[in-house]
Amino acid sequence: MGRSQELSDSKRGPVIGGHLGNKSIRDISWLLNIPRSTVSGIVTKWKQLGTTATQPPSGRPRHMTGRGQRKLKRTVRRSHQLSAESIAKDLQTWCGLQMSPTTVRRELHGMGFHGRAAASKPSITKCNAKRRMPWCKARCHWTLEHGDMFSEGANYSSLSGNPMDLSGFGGCQENGTCLTALCQV
């Protein structure tokens, strides 16, 4: 069930008048066609505060408007590598919002953006993928005793013939041509 509209002052006055006239909450509710919980809330507020006027909400108002949040989201989606300091300066010049980098980080975290470094992924060419498969299949049952082959000081150039390839999988030359027959597509 959705929330209803707030009662106007012209409807709150008769509620308090009925209460002062010793009417029950149920009778006031029935006469004015207002829910009992609403009548009870108005009477309670009047007893505690002496007024039925709407009170200001508790807590500090939000610093960032919806417009600023949309700008922040667009800025981060456009360039993921911007620092919080540079984003704060950008928001200050664009929206006029004076905001600290900590607030920017908090807002981004609330939007689902998290500052994490991407995992390093090797560039695997088709040629290297073809050479890796037989190498891995030949060594899939190895134990830790076989691992000393790759310990410090091992001669990696004897594994693949390419001294630049430390993995032992072999590799193509930097210009894209491959010298091995395995890589011929």
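Residues numbered from 1 in each chain as written. Predicted model: local features only at pLDDT ≥ 70, side-chain atom pairs only at ≥ 80, totals over all residues. Heavy atoms only, no water.

- The name that an unreviewed UniProt entry assigns to the protein chain is Transposase Tc1-like domain-containing protein, with the source organism given as Staurois parvus.

**Quick look at the nonpolar core**
- Formed by Met64, Leu72, Val76, Ala84, Ile87, Ala88, Leu91, Leu97, Met99, Val104 and Leu108, the largest nonpolar core amounts to 11 residues.
- Among the elements of the structure, helix 4 (66-78), helix 5 (84-95) and helix 6 (101-111) are those that each provide at least two residues to this core.
- Counting residues per element, this core draws most heavily on helix 5, at four residues.
- When near neighbours in sequence (up to four residues on either side) are disregarded, Leu72 contacts Met64, Ile87, Leu91, Val104, Glu107, Leu108 and Met111.
- Judged by nonpolar contacts, the second largest core, of eight residues, contains Ile16, Ile28, Ile34 and Val39. (Core = buried A, V, L, I, M, F, W, Y, C linked by side-chain atoms within 4.5 Å. Buried < 20%, exposed > 50% of the residue type's maximum accessible area, 1.4 Å probe, protein only. Helix = DSSP H or I, 4+ residues; strand = E, 2+ residues; numbered from the N terminus. Contact = heavy atoms within 4.5 Å.)

**Things to note about the side chain of Thr52**
- Within the fold, Thr52 resides in the loop between helix 3 (36-49) and helix 4.
- The exposure class assigned to Thr52 is buried, which follows from its relative accessible area of 18%.
- Not counting residues up to four positions away in its chain, the partners in contact with Thr52 are Arg12, Ile16, Ile42, Lys45 and Trp46.

**Some details on a nonpolar patch on the surface**
- Taken together, the side chains of Trp30, Leu31 and Leu32 make up a nonpolar region of the molecular surface, amounting to roughly 370 Å² of accessible area.
- Within the secondary structure layout, Leu31 lies in helix 2 (residues 25-32).
- For Leu31, a relative accessible area of 54% translates into the label exposed. (Patch = residues over 30% accessible without salt bridge, like charges linked within 9 Å, V, L, I, M, F, W, Y side chains within 5 Å. Areas by Shrake-Rupley, 256 points an atom, 1.4 Å probe, with all protein chains shown as cover. Salt bridge = Lys/Arg side-chain N within 4 Å of Asp/Glu carboxyl O.)

**What about the pattern of salt bridges?**
- Taken as a whole and assessed by the stated rule, the structure comprises three salt bridges.
- Salt-bridge contacts for Arg12 lead to Asp9; the nearest nitrogen and oxygen are separated by 3.6 Å. Taken together, the residues Arg12 and Asp9, both in helix 1 (residues 9-20) and three residues apart, mark about one turn of the helix.
- Put simply, Arg105 and Glu85 hold a salt bridge, and the shortest N to O gap is 3.5 Å. Of the two residues, Arg105 sits in helix 6 while Glu85 sits in helix 5, which places them 20 residues apart along the sequence.
- Residue class for Glu85 comes out partly exposed when judged on its relative accessible area of 39%.

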